Structures are given as C-alpha cells and as structure tokens.
Amino acid sequence: MKTFLVATLARYVLVDAENETQARELGQPALHELYADLRERLGREVPINILTVREATTEEIELMKWHNEMVAKHQQQ
C-alpha cells in the first residue's frame, strides 16, 4: 500500500491506497469533508474537482503527521 496525495486546486488529503484509482475513490469523501466550511458559508453543495492524484512525497507525509499531532494537541487543551 502507498500513500497518495489527492488534491483539488485549493485543498488536498493524503490517503493510503493500492493504486491511483483507489486513491481517487478514497480521497473524494475526505475532500468533501474538508469543504464543509465552504458549503456552510455558501449554503449549497460545491463540486469537488480532483485535479491531482499522485504518490505523496516523504516531506508531504511528514508534514501531515506533524499537522495532525498539532491539531490533536490543541484539541486536548
């Protein structure tokens, strides 16, 4: 299994998948979740247009791990 970056023009997620097709399928609902704030602000659905699906770099994976740790630490306070 590999870690893939799945991205729209403005937002991205990292997903573990066997291939790009599976990464796109797993990334779609994760990106939909990230766009909840925009849907709420606009009061309507917004299209999720995936533009990039590729293997994530080591740096991108490490950055996401760090980000998740910081979010978890902040939520504990």
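Check the entry above for the structure.
Residues numbered from 1 in each chain as written. Predicted model: local features only at pLDDT ≥ 70, side-chain atom pairs only at ≥ 80, totals over all residues. Heavy atoms only, no water.

Novice: Which residues make up the overall build of the protein, and what values do they have?
Specialist: Looking only at helices and strands, one finds three helices and three strands in the protein. The order of α-helices and β-strands along the protein, N terminus first, is β-β-α-α-β-α. Projected onto its principal axes, the C-alpha positions of the protein cover 35 × 35 × 15 Å. Every one of the 77 residues in the protein was classed for burial, and the buried ones make up 27%. (Helix = DSSP H or I, 4+ residues; strand = E, 2+ residues; numbered from the N terminus. Buried < 20%, exposed > 50% of the residue type's maximum accessible area, 1.4 Å probe, protein only.)

Novice: Any details on the side chain of Thr8? Residues and values, ideally.
Specialist: With respect to the secondary-structure elements, Thr8 resides in the loop between strand S1 (2-7) and strand S2 (12-17). Of the residues examined, Thr8 reaches a relative accessible area of 10% and is grouped as buried. In this structure the side chain of Thr8 is engaged in a polar contact, spanning 3.3 Å, whose partner is the backbone nitrogen of Ala10. Each residue touching Thr8, except ones within four places of it in the same chain, is listed here: Leu31, Tyr35, Ile48, Asn49 and Leu51. (Polar contact = N/O pair within 3.5 Å; in protein donor to acceptor, adjacent residues only side chain to side chain. Contact = heavy atoms within 4.5 Å.)

The values reported here are purely geometric and, on their own, carry no functional implication.
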